[in-house]
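# Breakdown of the fold
Each chain, letter by letter, is given below.
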Amino acid sequence: MALMGRVALVTGGAQGIGRAAVEALMRSAAKVSVVDVNQDCGDACKSELDAEFGGGSCAFIQCDVTDGDALRADAFQKTADMFGRLDIVINNAGINNEKNWEKTIGVNLTSVIKGTYLGLEHMSREYGKQGGTIINVSSMAAFMHSPHQPVYTATKHGVIGFTRAMADASVLGNYGVRINVLCPAFVDTPLLHSVEEEDNMGKFVKFKEDFKRTMDKFGVLQPSLIADGMMRLITDAALNGAVMKITCSKGIHFHTYEPMSA
Ligand SMILES: NC(=O)C1=CN([C@@H]2O[C@H](COP(=O)(O)OP(=O)(O)OC[C@H]3O[C@@H](n4cnc5c(N)ncnc54)[C@H](O)[C@@H]3O)[C@@H](O)[C@H]2O)C=CC1
Ligand SMILES: CCCCCC(=O)/C=C/[C@H]1[C@H](O)CC(=O)[C@@H]1CCCCCCC(=O)O
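First, a word on what this report is: a plain description of the structure on this page. (Residues numbered from 1 in each chain as written. Chains lettered and ligands numbered in written order. Predicted model: local features only at pLDDT ≥ 70, side-chain atom pairs only at ≥ 80, totals over all residues. Heavy atoms only, no water.)

## With respect to the site of ligand 1
In the vicinity of ligand 1 there are 28 residues, among which D36, N92, Y152, V187 and T189 approach most closely. One nitrogen or oxygen atom from the side chain of D36 is found 2.6 Å from an oxygen atom belonging to ligand 1. The backbone of V65 places a nitrogen or oxygen atom 2.9 Å from a nitrogen atom of ligand 1. Relative to its unbound accessible area of 830 Å², ligand 1 is 94% covered by the protein chains. Mapped onto the shell around ligand 1, the elements with two or more residues apiece are α1 (16-27), α5 (150-172) and α6 (190-193). Per-element accounting of the shell around ligand 1 gives the leading share, three residues, to α6. Looking at side-chain class alone, the shell around ligand 1 contains 16 nonpolar, nine polar and three charged residues. (Near = heavy atom within 4 Å. Polar contact = N/O pair within 3.5 Å; in protein donor to acceptor, adjacent residues only side chain to side chain. Areas by Shrake-Rupley, 256 points an atom, 1.4 Å probe, with all protein chains shown as cover. Helix = DSSP H or I, 4+ residues; strand = E, 2+ residues; numbered from the N terminus. Nonpolar A, V, L, I, M, F, W, Y, C, P; charged D, E, K, R; others polar.)

The structure is reproduced here in structure tokens:
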């Protein structure tokens, strides 16, 4: 019951890692807004969550996170209006599309930046709000660059740099918002199967056997473990600017950096 009365917004929350996070939040008695572009999946998710947790604790908002106006008005503002506040934002929506790589930058990086800024508008002391916490979802691809997914890899590097800089800005600006980043290795979700398809991988699809060998080598995690990591980032008040990694070999752990020097 640690999060009783708290309100969370999870992008890409209708399936996969986002859905596991939504369930973990609801088990802790938070109210959750599931923001997802996929109407059918979102409707099914809402019905299942209402059946499990009772109505009134979650909402599904159909929204494409790359539509900045919709993200502001339909996702963030409606969530705050519906539940009366916002405390937790998980910028999780992501795609793997090397063919339409500009869309990958839009969803995986630009929308994470927008989601962070909107989260601050609703939670930061700068805006007269009560504080809160933001998690941005990156990937182990930010540490082990992938020849199968160059643009995906670039976006996930970007998410880490942006998040760490914003975490420092939050301290300097006394925002009262903790901002952390999560980097899972391979996770058993529909996204992982998109590496089989030319529509997603473009010319890199010819490397799919090599990609699968990497997966066999490192193993595949379950979404529930990623949700456990997210809950730790949400509940541990000491964490800001943390880069959490989750792998089969080491489980939940943190990346360490050299102190900054010229
Ligand atoms: N599955 C994996 O192996 C890993 C995934 N990740 C990251 O975790 C995050 C979640 O991925 P998964 O759950 O695996 O993917 P998934 O494909 O299972 O779920 C992603 C969800 O995001 C939604 N979505 C996609 N584009 C959207 C948009 N424009 N607007 C709103 N919603 C949108 C989808 O409809 C879907 O419900 C992504 O950022 C991904 O890059 C990171 C490391 C490993
Ligand atoms: C299709 C999208 C799935 C994206 C999953 C993902 O982010 C994969 C990243 C891998 C990248 O393709 C190349 C890698 O090596 C990344 C995974 C690395 C896992 C390392 C685990 C290390 C360990 O267990 O110690």
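Moving on, there is more to tell.
## Details of the site of ligand 2
Taken together, 20 residues surround ligand 2, and among them S139, S146, Q149, V195 and S249 come closest. One of the side-chain N or O atoms of S146 is found 3.2 Å from an oxygen atom in ligand 2. The side chain of Q149 places a nitrogen or oxygen atom 2.7 Å from an oxygen atom of ligand 2. In isolation ligand 2 has 630 Å² of accessible area, and contact with the protein removes 91% of it. Contributing elements (two or more residues each) for the shell around ligand 2: α6 and α8 (208-218). With three residues, the top contributor of residues to the shell around ligand 2 is α8. Across the shell around ligand 2, the residue classes break down as twelve nonpolar, eight polar and no charged.

## Quick word on the packing of aromatic side chains
Tallying each qualifying case throughout the model produces three aromatic pairs. Geometrically, the ring pair formed by Y117 and F162 is edge-to-face, given 5.8 Å between the ring centres and 75° between the ring planes. Taken together, the residues span a long stretch of sequence, with Y117 in helix α4 (residues 101-123) and F162 in helix α5 at a distance of 45 residues. Residue Y117 is classed as partly exposed on the basis of its relative accessible area of 43%. Given a relative accessible area of 13%, F162 falls into the buried group. Centre to centre, the rings of F204 and F207 are 6.2 Å apart; their planes meet at 45°, and the pair counts as tilted. It is R164 that lies over the ring of Y257; its NZ or CZ is 3.5 Å from the centre. Sitting above the plane of the F143 ring, K245 keeps its charged end 4.3 Å from the centroid. (Phe/Tyr/Trp six-rings, centres within 6.5 Å; stacked < 30°, edge-to-face > 60°. Buried < 20%, exposed > 50% of the residue type's maximum accessible area, 1.4 Å probe, protein only. Lys NZ or Arg CZ within 6 Å of the ring centre and 35° of its normal.)

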